[in-house]
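Structural overview
Below, each chain spelled out in residue letters.
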Amino acid sequence: MKLGFLASHGGSNARAIIEAYKAGRLLAEPTVVISNNSNSPALAYAREEGLPHYHLSSVKYADPGDLDHAILGTLLKHGVNIVILAGYMKKIGPLMLGEYSNRILNIHPSLLPKHGGKNMFGKAVHASVLESGDTTTGVTIHLVNEEYDQGPILAQFPVPVHPSDDVDTLAARVLEQEHLSYAETINRIAQGELKLNLGNPGQS
Ligand code: GRF
């Protein structure tokens, strides 16, 4: 099972998964890293690790259809079976959604459907949790469809909210759990415990 990563910023989730692979703890093979941000640490890390990496963005492809085509072509060229969104801040194009239907995973730092949706990213998610008074938050891994954060949920992992938390302490605790949860969910998929539509690339 070959993994392709799309990341925009920190890239710590992509890195945690690739590190799990290097440590022999991942039952899938990281194959390519793509970012819309040429300064993304995810790209720098891929470069260090000798993994194929690409900067594909609207700067290079002004037409969204061309960008969608370029990203899809890159994933197919590297034989990617499953796409891992790791802090990818751009909408996935229709070509890619069609070709990789049920094979694009995203991670969200709350227990969806709570604290999800279009403007729920980064610190806004954790601020919303604190405001709500919830005593438990967590991590959701879900399949990606046309709507933000609304694809079928594959796995959820709870994280406690402490009374003394602020947005930063809560975000850090959730991110730590994200780093464990993504690799674990990929392993469950690889073991057939979680079922997806796993065809060969180009044959979905
Ligand atoms: C994570 O909190 C993830 O849940 C959200 O964006 C953040 C990405 O962090 N989708 P990183 O880029 O993997 O460090």
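My aim in this report is to walk through the structure given alongside it, one point at a time. (Residues numbered from 1 in each chain as written. Predicted model: local features only at pLDDT ≥ 70, side-chain atom pairs only at ≥ 80, totals over all residues.)

**Things to note about the site of the ligand**
Close to the ligand lie 13 residues, the nearest being Gly 10, Ser 12, Asn 13, Gly 87 and Pro 109. Among the elements of the structure, α1 (12-22), β5 (104-108) and α6 (167-190) are those that each provide at least two residues to the shell around the ligand. Among the residues forming the shell around the ligand, the class breakdown is five nonpolar, seven polar and one charged. (Near = placed C-beta within 6 Å. Helix = DSSP H or I, 4+ residues; strand = E, 2+ residues; numbered from the N terminus. Nonpolar A, V, L, I, M, F, W, Y, C, P; charged D, E, K, R; others polar.)

**Looking at the nonpolar core**
Grouped together as the largest cluster of nonpolar side chains are 47 residues, with contacts concentrated most on Phe 5, Ile 17 and Val 83. With six residues, α6 is the single largest residue contributor to this core. Those residues in contact with Phe 5 that sit more than four places away from it in its chain are Ala 14, Pro 30, Val 33, Ile 34, Ala 42, Ile 84 and Ala 86. (Core = buried A, V, L, I, M, F, W, Y, C linked by C-beta atoms within 7 Å. Buried ≥ 20, exposed ≤ 12 C-beta atoms within 10 Å, placed from the backbone. Contact = placed C-beta atoms within 7 Å.)

**Some points on the pairing of strand β1 (residues 2-7)**
Extensive coverage of β1 is indicated by the burial of five of its six residues. Of the pairings in the sheet, the one linking β1 to strand β2 (residues 29-35) comprises six bridges and is parallel in character. The residue bridging Gly 4 from the neighbouring strand is Val 32, located in β2. With α1 bridging β1 and the parallel β2, this β-α-β connection has right-handed handedness. Two strands pair when backbone bridges link them, and β1 and strand β4 (residues 82-85) are joined in this way by four bridges, in the parallel orientation. Opposite Phe 5, over in β4, you have Ile 84 as the bridge partner. (Pairing = 2+ DSSP bridges. Right-handed = clockwise from strand over helix to strand, strands pointing away.)

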